[in-house]
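One letter stands for each residue in the lines below.
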Amino acid sequence: MDYDLIVVGSGAGALLAAIAAHDGGLRPLVLEKTNLVGGTSALSGGGIWIPVNDDMAKAGIQDSTDTAFGYVKRCARGLASDRRILAYVETARTLARTLAQIGVPYRCMPHYSDYYPGTEGALPGGRTMDPVDFNAGRLGLQGLELLRPTNPGQLILGRMQINAFEARSMLARERKSKWVLMWIMARYFLDYPWRSKTRRDRRLTGGQALVGGLLAAARARKIPIWTETTLQSLQQKDGRVCGVTVLRDGQIQPISAAKGVLLAAGGFERNQEMRERHLPQPTNQAWTATPPGANTGDAIRAGADMGAQLHLMEHTWGAPTLAVPKEEKFRAMFVERSLPGCMVVNGRGERFLNESGPYPEFQQAMFANHAKTGSAIPAWIVFDARFRANYPIGPMMPASAVPDSRLRKSWLGQVYWKGETLQELAAHIGVDPQGLAASAARMTQFAQTGKDLDFDRGGNSFDRYYGDIHVHPNPNLAPINQGPFYAMQLWPGDIGTKGGLLTDEDARVLDTQGQAIEGLYCVGNNAASVMGPSYPGAGSTLGPAMTFALRAVAHLRGQSMALQRTDLLDSAV
Ligand code: FAD
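Residues numbered from 1 in each chain as written. Predicted model: local features only at pLDDT ≥ 70, side-chain atom pairs only at ≥ 80, totals over all residues. Heavy atoms only, no water.

Asks: Sorry if this is basic, but what is going on with the packing of aromatic side chains here?
Replies: Considering all chains together, one arrives at 20 aromatic pairs under this definition. Note on Y188 and F189: the rings are 5.1 Å apart at their centroids and 90° apart in plane angle, and the pair reads as edge-to-face. By relative accessible area, which is 35% here, F189 ends up partly exposed. Connected via pairs of aromatic rings, a cluster forms that spans Y112, Y115, W317, F334, Y359, F462, Y465, Y466 and Y535. (Phe/Tyr/Trp six-rings, centres within 6.5 Å; stacked < 30°, edge-to-face > 60°. Buried < 20%, exposed > 50% of the residue type's maximum accessible area, 1.4 Å probe, protein only.)

Given below as structure tokens:
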């Protein structure tokens, strides 16, 4: 059992690192704490943010290293080094090409806007890429059983997978969306040969396509993946990290690595003690949308024990989340809040944010308003009968498809609250009735003029991406005036933490003096994010996780990728 590289964790960055190491002639070993492979990566949307990708040129979208570098640097607000940002911007397209070569192709989403359209260098589309659907037959049933399943919220009728293009088409109520839905259902139900073996869909999309594809590639290469094996600590000899100790089969075991260890064991969002020490308060590990018990910061602590520098520990990949009874984790509410006819209020019934804005800013606005009013945690998303009829929200399908009478009885008062009038709803949820009525009346006014004078909802390309194209003059605004009225509770959750071990442009872990710790690499949420406190566009976590995995392996093999545009370093933006 001789290994060159030990990879801790089995998310996208981890698996890609193991595959690249194998293809580079090294012997990798993957260690995974749980009994399933894929971590949060497997239940994610699978999107990657790839500036200057090959598809953009084909779609007639112009991008350049200069523009993308400037944009990320502005977003990172001085909290990520120029060398790392440049390394990311220059290597990201190599990632997309590498994924295609190993059987996990992506395509760009020409209309999916960057998250901060008002920041110089942002583009209205093209940098976010979505994985092409992956046939689980290539993974095999055994492999599929090893793959962490996706969230119920990402499945149609709890079974059928849906990709980002289809989801957008349905939410925007494009004319073709009914046909798309029928095709998805027909394809699933007519595939009897596959369905007779498993309930899980043969067609993998999003994070399932990404991690399913990577897992298939790893299995084809016979890369060993040890599940139920938990990193305990790192081993060092002569100043070099040379292995790990793990808990496996109830025993502590050492495993050595000839060339190094790559930590990719996620963040610390499932560790309540670390959350209380580092994150804004109040905080609760239950609010995260990531798998329970998985990412508890083990490898952040193991790195810190080796003298690694910690960075960005107070930041998360924030997102509003909601609880659904009997589901093992909270669901993130990424898009429904952008559709017209809803608003988010605090306990005073006051709006305090742009409901359609990027999800990290949404979470931060909740904390800021709570600090001021003491009433924004939880916040309430309030909508009327017209919204309820037309759009899905949380676990509820549109009432036109599943009316209230067919919703689970236990959801009333747990998932959603309902009142014939706004006053009645306000009484149910303990929100100030006058404030709520005034906010709804003001939103109704804004819907008529198309201008949200308070928070400019619908004022940019990102907001409008998840609007309703049939609603005018602003696809994100509609009156909130048709009873009955509904509300759901939102928490300042996250889809992972973003602080961790500080690394350089080759994903080498740096100590508190800024020196690389020999033999130790770190990617994904285990490392401090290259994006600083921001979220430049969809795919800003998986893109860097895998890009830096490639750079780490190249460095480990003595074939570091040199930075090209060093003239951009330290430039003013
Ligand atoms: P993970 O993928 O969580 O992998 C870490 C693994 O390490 C886990 O399997 C864990 O069990 C294991 N582990 C932990 N401790 C140990 C230990 N001591 N020993 C061994 N193994 C250990 N991001 C995007 O960029 N694009 C998207 O489209 C996107 N969509 C998302 C949708 C949802 C619903 C959610 C919840 C998140 C989404 N994200 C998305 C965020 C993204 O999924 C995560 O940021 C990313 O997967 C983190 O990758 P990782 O490799 O750091 O961690």
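Asks: It is not clear to me how the packing of helix 1 (residues 12-23) against helix 10 (residues 206-220) should be interpreted in this structure. Could you clarify?
Replies: Where helix 1 meets helix 10, the axes come as close as 10 Å, and the angle between the chain directions of the two elements is 25°. In terms of axis orientation, helix 1 runs roughly parallel to helix 10. Both helix 1 and helix 10 take part in a crossing whose hand is left-handed. Seen from helix 1, the contacting residues are A12, L15, L16 and I19; seen from helix 10, they are L210, V211, L214, L215, A217 and A218. Classifying every residue of the contact of helix 1 with helix 10 gives 10 nonpolar, no polar and no charged. (Axes fitted to C-alpha atoms, helices over the stretch in contact; angles between N-to-C directions. Helix = DSSP H or I, 4+ residues; strand = E, 2+ residues; numbered from the N terminus. Parallel < 35°, antiparallel > 145°, perpendicular 65-115°, else oblique. Left-handed = near helix turned anticlockwise from the far one by under 90°. Contact = heavy atoms within 4.5 Å. Nonpolar A, V, L, I, M, F, W, Y, C, P; charged D, E, K, R; others polar.)

Asks: Looking at this structure, I do not really get the pattern of salt bridges. What am I missing?
Replies: Pairing is possible between side chains of opposite charge, provided their charged atoms come close. Enumeration over the complete set of coordinates arrives at 34 salt bridges. Close ionic contact of K176 with E174 constitutes a salt bridge, the shortest N to O distance being 3.7 Å. Given a relative accessible area of 49%, K176 falls into the partly exposed group. The closest approach of N and O atoms between R508 and D504, which form a salt bridge, is 3.0 Å. Taken together, the shared-partner salt bridges connect R351, E355, D452 and R457 into one network. (Salt bridge = Lys/Arg side-chain N within 4 Å of Asp/Glu carboxyl O.)

Asks: Help me out: how do you make sense of the site of the ligand in this one?
Replies: Contacts to the ligand come from 38 residues, most closely from E32, S41, D298, N525 and L542. The contact in question runs from a nitrogen atom of the ligand to an N or O atom on the backbone of G45, over 2.9 Å. Between the ligand and G47 there is a distance of 2.9 Å, counted from a nitrogen atom to a backbone nitrogen or oxygen. Protein coverage of the free-state accessible area of the ligand, which is 1000 Å², stands at 97%. Within the shell around the ligand, the residues separate by chemical class into 12 nonpolar, 23 polar and three charged. (Near = heavy atom within 4 Å. Polar contact = N/O pair within 3.5 Å; in protein donor to acceptor, adjacent residues only side chain to side chain. Areas by Shrake-Rupley, 256 points an atom, 1.4 Å probe, with all protein chains shown as cover.)

Asks: What am I meant to see in the environment of W183 here?
Replies: Here W183 shows up in helix 8 (residues 177-190). Discounting chain neighbours no more than four positions away, the residues touching W183 are E166 and R203.

Asks: Please explain the sheet that holds strand 4 (residues 106-108) as it appears in this structure.
Replies: Each strand in a sheet pairs with another by means of backbone hydrogen bonds, the pair being arranged parallel or else antiparallel. Spatial ordering of the open sheet is given by 3-5-4, a layout of three strands whose pairing is antiparallel. Both outer strands of the open sheet, strand 3 (48-49) and strand 4, are each paired with one neighbouring strand and no more. Examined bridge by bridge, strand 4 and strand 5 (residues 128-131) share three bridges and lie antiparallel to one another. By the bridge assignment, Y106 is partnered in strand 5 with P131. (Pairing = 2+ DSSP bridges.)

Asks: Would you mind showing me how to read the nonpolar core here?
Replies: When a protein is soluble and globular, its nonpolar side chains tend to lie buried together. In this structure, I48, L99, L210, L214, L262 and M546 are the most contacted members of the largest nonpolar core, which totals 120 residues. With near-sequence residues (within four places) excluded, M546 lies in contact with A12, G13, L16, I48, L95, L99, L210 and L214. If you look at the next biggest cluster of nonpolar residues, it comprises 30 residues, including V8, V246, A308 and L520. (Core = buried A, V, L, I, M, F, W, Y, C linked by side-chain atoms within 4.5 Å.)

Asks: Please clarify how the pairing of strand 13 (residues 251-263) should be interpreted in this entry.
Replies: Regular strands have side chains that alternate between both faces of the sheet. Where strand 1 (residues 3-8) and strand 13 come together, five bridges link them in parallel fashion. Paired with Y3 across the strands is A257, a residue of strand 13. By the bridge criterion, six bridges tie strand 12 (residues 240-248) to strand 13 in an arrangement that is antiparallel. When the sheet's bridge partners are listed, G243 is paired in strand 13 with S256. In textbook terms, the turn of a hairpin is the stretch between consecutive antiparallel strands, and for strand 12 and strand 13 this stretch comprises two residues, one of which, D249, has a positive phi near 50°.

Asks: I would appreciate a short explanation of the side chain of N525 in the present structure.
Replies: As for its position among the elements, N525 is in the loop between strand 23 (516-522) and helix 18 (542-556). Owing to a relative accessible area of 18%, N525 belongs among the buried residues under this scheme. In this structure the side chain of N525 is engaged in a polar contact, spanning 3.0 Å, whose partner is the side chain of W317. Those residues within four positions of N525 in sequence are excluded, and the remaining contacts are G266, G267, I300, W317, G496, T497, G499 and T541.

Asks: Looking at this structure, I do not really get the environment of M488. What am I missing?
Replies: Looking at the element boundaries, M488 is found in strand 20 (residues 485-497). With relative accessibility at 0%, the residue M488 sits in the buried group. Considered as a pair, M488 and L5 are 483 residues apart in the sequence and their alpha carbons are 47 Å apart. Filtering out sequence-adjacent residues up to four positions away, M488 remains in contact with L322, A379, W380, I381, F383, I393, G394, P395, V415, Y416 and W417.

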